[in-house]
Structures are given as structure tokens and as C-alpha cells.
Amino acid sequence: MIHPPVHIQRFTPPAAGERSGYIMWGRHVPYKRFDLAIHAANKLKIPLTILGEGADTPRLKSLAGPTVTFTGRVSDQELVQRAHQTKGFLFPNEEDFGIAAVEALAAGIPVIAYGKGGALDIIQDGESGVLFTEQTVDSLCDAIRRFETMEFRPATLHRKAKRFDAGLFATKIKKIVHDATTPSQ
């Protein structure tokens, strides 16, 4: 299996610094389940910053309590800066892969993810984040509470993201093409 390429170099984690709150980024569409994260942030009264925009943005804003902030679209540089200030990335959706979750790891942010689909290839429960088993507010809240009791090393998370690097993707594709076009002896 060859995973999609992720440009992880732009997310190199900072050496040190205080991190707080939670973050999500991506297109605001219903299947990404931003609503689930918003309800969890409202229930736990935790800071959640949501980057990006999309067709679902107005509905999501109507759900948000006082601890939820929307930034709209941001530059790549601002995304990286905000990522470096955040302690956890919420990934409550089921994806075939999950480039945003890999970007978060590359930035040194542990991921709290719904344990289905691509998240199972990316996140190791207790090592690079926390997985939750039901796509519900209560299950996500329980995962966030568990996450709050754990410690993660940003450099280790970045290292785990390297297996999805765009350079590795190119190498694997070249090998497949070479093997497919080279006559066997």
C-alpha cells in the first residue's frame, strides 16, 4: 500500500514552548464531523480553534459556544504557527487516509481520532494520540479526558509522520513503475 504524499517538512515541531487548546483544519463539510468536535468543546468548555471554511461553515458557527473560534482560511505559515501552539488535534471523522492528521503529527501535535479508516494507519493509541471507538460526543469527550492525562513528545510524533513523507511516496512510486516496466529474467 502506498499512502498519499504529505509535505511534512513545513511542520517541523518547535524545540519548546507552551501549548494549549485544541485545533482542527480542513474543508467544512458534514462528513468531516466538525460538529462533533464543537459539541465536545462546548461540553468540556475547552478551547477549540477551527481553521478553514466550506459549505458547512454557517451551520458550524451556529453550534459553537464561547470556547470555539473560527479563523477562516489561513496561510500555510499561519497554519503552522497555530499548530505549534496547540496541544491536541481533533480528528473525529472517518477518512480513507487523513492528510490533516499526518500534518498534525508532523507539527508535533498528538491526534485524538475516531478509530476507523485511515486513522488506524496513522495513530497508535497511547503513542501518537488517542483513539475513540464511537462517533459520539460522549466518546470523544472521554478520549479528550484520557488524552489530558498523557504526555507526548513532539519530536517522536514528527518522526512517526515521516513514514508518510512526499519523498518516500515518490521513491515508492518510482520503484513500482520500474518493477512494472522492467522485464523479468
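First, a word on scope: everything that follows refers to the structure included in this document. Because the structure is predicted, anything quoted here is derived from the model rather than measured. (Residues numbered from 1 in each chain as written. Predicted model: local features only at pLDDT ≥ 70, side-chain atom pairs only at ≥ 80, totals over all residues. Heavy atoms only, no water.)

1. A few points about the overall build of the protein
(1) Moving on: Within the protein one finds 8 helices and 6 strands.
(2) Moving on: Secondary structure elements of the protein occur, N-terminal to C-terminal, as β-α-β-α-β-α-β-α-β-α-β-α-α-α.
(3) Moving on: The C-alpha atoms of the protein give a radius of gyration of 17 Å, which matches the 16 Å a tight globule of 185 residues would have.
(4) Moving on: Dimensions along the principal axes, computed over C-alpha positions, put the protein at roughly 65 × 35 × 35 Å.
(5) Moving on: A buried classification covers 46% of the 185 residues belonging to the protein.
(6) Moving on: Considering only contacts in the protein between residues 6 or more positions apart, those separated by 24 or more positions represent 64%.
(7) Moving on: Of the roughly 9600 Å² of accessible surface on the protein, 53% is carried by carbon and sulfur atoms.
(8) Moving on: The centroid of the 23 positive side-chain charges in the protein is displaced by 3 Å from the centroid of its 20 negative side-chain charges. (Helix = DSSP H or I, 4+ residues; strand = E, 2+ residues; numbered from the N terminus. Rg over C-alpha atoms; globule rule 2.2 N^0.38 Å. Buried < 20%, exposed > 50% of the residue type's maximum accessible area, 1.4 Å probe, protein only. Contact = heavy atoms within 4.5 Å. Areas by Shrake-Rupley, 256 points an atom, 1.4 Å probe, with all protein chains shown as cover. Lys, Arg positive; Asp, Glu negative; His and termini not counted. Charge placed at Lys NZ, Arg CZ, Asp CG, Glu CD.)

2. Comments concerning the environment of Glu127
(1) Moving on: Summarising the element assignment, Glu127 is placed in the loop between α5 (119-122) and β6 (129-132).
(2) Moving on: The class for Glu127 is partly exposed, based on a relative accessible area of 46%.
(3) Moving on: What Glu127 contacts, discounting residues up to four positions off in sequence, is Phe152, Leu157 and Lys160.
(4) Moving on: A polar atom in the side chain of Glu127 sits 3.2 Å from the side chain of Lys160. (Polar contact = N/O pair within 3.5 Å; in protein donor to acceptor, adjacent residues only side chain to side chain.)

3. Quick notes on the pattern of salt bridges
(1) Moving on: Tallying each qualifying case throughout the model produces 12 salt bridges.
(2) Moving on: The partner of Asp125 in a salt bridge is Arg146, and the shortest N-O contact between them spans 2.8 Å. Here Asp125 is found in the loop between α5 and β6, whereas its partner Arg146 is found in helix α6 (residues 137-147), with 21 residues between them in sequence.
(3) Moving on: According to the relative accessible area criterion, Asp125 is partly exposed, its value standing at 38%.
(4) Moving on: One connected set of salt bridges, linked through shared partners, spans Arg10, Asp76 and Glu103. (Salt bridge = Lys/Arg side-chain N within 4 Å of Asp/Glu carboxyl O.)

4. Here we look at the nonpolar core
(1) Moving on: Trp25, Leu48, Phe89, Val111 and Ile112 are the most contacted members of the largest nonpolar core, which totals 54 residues.
(2) Moving on: Ignoring anything within four residues of it in the chain, the contact list for Phe89 reads Ile23, Met24, Trp25, Ala100, Ala101, Ala104, Ile109, Pro110, Val111 and Ile112. (Core = buried A, V, L, I, M, F, W, Y, C linked by side-chain atoms within 4.5 Å.)

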